[in-house]
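As a plain string of letters, each chain reads:
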Amino acid sequence: MRHAAGDGYASAGSLRQNALGVMGILFFVLSAQAPLTGVAGAAPVAVAIGNGPGVPAMYVVAGVVVLLFSVGYVAMGRHVVDAGAFYAYVGKGLGATAGAGSAGVALLAYHAIQAAVYGLFGAVMNGLAVQYLETDVPWWLIALGTMVLVQALGAAGVDVGAKVLAVFVLAEISLLLVFGIVTFLTGGGPEGLAPEASFSLSAALDGAPGVALMFAVASMFGFEATAIYGEEARDPHRTVPQATYLAVVLVTAFFAFTSWMLISAHGPSSSAAAAGKALEAGDGAAFVAAPVSDELGAWAGDALPILLATSLFASILAFHNSANRYLFSLGREGLLPRRLSALNGRQSPWLAGVVQTVIAALLVFPFALAGKDPVLTLFSWLSGLAVLAIMLLYFLTSVSVIVYFRQDGSGDTRVWNTLIAPALGAGGIAGAIWLIIANFTTLIGGDATTAIWLALTVPGALVLGMAMPRLAGRSGRR
């Protein structure tokens, strides 16, 4: 592997070193996860068709599974530092062919989720333009302009992007946390705080807990990006583990607490009906906006769509940086054209960034040309596809961690970190994959035929990725 632990980085072909600390990496991760989008988008669906008031418990379960995965992920990160994290990690344990296959899945996941968010962002910004400017700007034109801006910010350097994201992330999280804290301190809604209605075993298992867990796991998408920035981190063997664990704990606590306060504000016995009513009206975010406005005032409800837009923009920028670093890493390894490893004066992967933006356009504009709804098709379909792809990567990485430390003489003899936790994480992730496949039509909000074709794209990307070494004229050996 090009960047093993202890290796010095050559200045040529290396990303900018010492550019990010723990907080910088954390803001990239939180931006990718788009907390407000997760709360306003996924939570109402999970409450309505999942396990109702027991949804907060599912966020905790999802957080535990991801935390177990993170233990092995971090252990591997101490021995491999590479911008193509999944590709590098899977390749270390399961071999070059499997690593290349995981690279294909990673590229699919990050490009699909970014394209999906472009669709939702375009729709949200269109609504804001109509409301405040009385101008009906096509969503696809908004997406195009955003692509240009994101490309410019990505080329400006990872540290510039981190500063932009910090502002947006703090704004969206702050409003929801203020709502949650005020609701908690005032004793909750019509039925009180009622923690037993959200966190008891009976509440967690009520209704369709599998569906709720599926959406909870989907909300965690993006935390793994901590390792992608290892080359650009200050002291990556310390910074990346800290950022990873901090991201998982903070995101889990945020989603569990915020969803609990939303359910309390509506009343546990009424929450599922309220979420269903909002979804039937075509505005799931109203499940969040109504209690926030009641608790903090009308201004807060008016601010939510604006913060949702900034949240989505931050997510787009974060996924742009993740995807172009995968392209950069694969170009540097020779699995893709080596020109993709070209860096600009700020040591940012500018050509990989351009290619990433072009791919985003190629994914987005067919939906525009076909006149499809950007939320019901582009966002729903590609975000579901991305979640399935990323969960497969988590599973392959967990297995690779176990194999690597059983075979490698790295000296890391910590059984919990290199065997038990990764095995438990792999089991939990396998269960989550089964739930996602079983409920994939629900996740994408489409029909069974569309669900089948989208799901088959994931193994297709795996096979295509495995063929990359041969297509690149390599033997596949490192």
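Above: the structure in question.
Residues numbered from 1 in each chain as written. Predicted model: local features only at pLDDT ≥ 70, side-chain atom pairs only at ≥ 80, totals over all residues. Heavy atoms only, no water.

Asker: Tell me about the nonpolar core, residues and numbers included.
Answerer: Counting residues in hydrophobic clusters, the biggest one holds 140 residues, and the most contacted among them are F86, F221, V288, I390 and M391. Broken down by element, the residue count for this core peaks at 19 residues, all from helix 5 (residues 96-133). Not counting chain neighbours up to four residues away, the residues in contact with M391 comprise V217, I429, A432, I433 and I436. (Core = buried A, V, L, I, M, F, W, Y, C linked by side-chain atoms within 4.5 Å. Buried < 20%, exposed > 50% of the residue type's maximum accessible area, 1.4 Å probe, protein only. Helix = DSSP H or I, 4+ residues; strand = E, 2+ residues; numbered from the N terminus. Contact = heavy atoms within 4.5 Å.)

Asker: Mind laying out the packing of aromatic side chains, listing which residues take part and the relevant values?
Answerer: One pass over the structure, following the stated rule, counts 15 aromatic pairs. Relative to F255, the ring of Y59 has its centre 5.2 Å away and its plane inclined at 10°; by these criteria the two rings are stacked. With Y59 in helix 3 (residues 55-77) and F255 in helix 11 (residues 236-266), this pair connects stretches of sequence that are 196 residues apart. This pair shows no difference in class: Y59 is buried, exactly as F255 is. Each residue in the set F69, Y73, Y89 and Y394 is aromatic and connected to the rest through ring pairs, giving one cluster. (Phe/Tyr/Trp six-rings, centres within 6.5 Å; stacked < 30°, edge-to-face > 60°.)

Asker: Tell me about the environment of D206, residues and numbers included.
Answerer: As for its position among the elements, D206 is in the loop between helix 9 (201-204) and helix 10 (209-219). Residue D206 is classed as partly exposed on the basis of its relative accessible area of 48%. Remark: the alpha-carbon pair of D206 and N51, spanning 155 residues in sequence, is separated by 5.3 Å. Apart from residues lying up to four places away in sequence, D206 is in contact with G50 and N51.

Asker: For the packing of helix 2 (residues 35-49) against helix 14 (residues 298-333), give the residues involved together with the corresponding values.
Answerer: Here helix 2 crosses helix 14 at 120°, and the two axes come no closer than 8 Å. What the angle tells us is that helix 2 and helix 14 run oblique. Like other packed secondary-structure pairs, helix 2 and helix 14 cross with a definite hand, here left-handed. Between helix 2, through P35, L36 and T37, and helix 14, the contact on the second element is made entirely by L304, L307, L308, S311 and L312. Here the residues of the contact of helix 2 with helix 14 sort into six nonpolar, two polar and no charged. (Axes fitted to C-alpha atoms, helices over the stretch in contact; angles between N-to-C directions. Parallel < 35°, antiparallel > 145°, perpendicular 65-115°, else oblique. Left-handed = near helix turned anticlockwise from the far one by under 90°. Nonpolar A, V, L, I, M, F, W, Y, C, P; charged D, E, K, R; others polar.)

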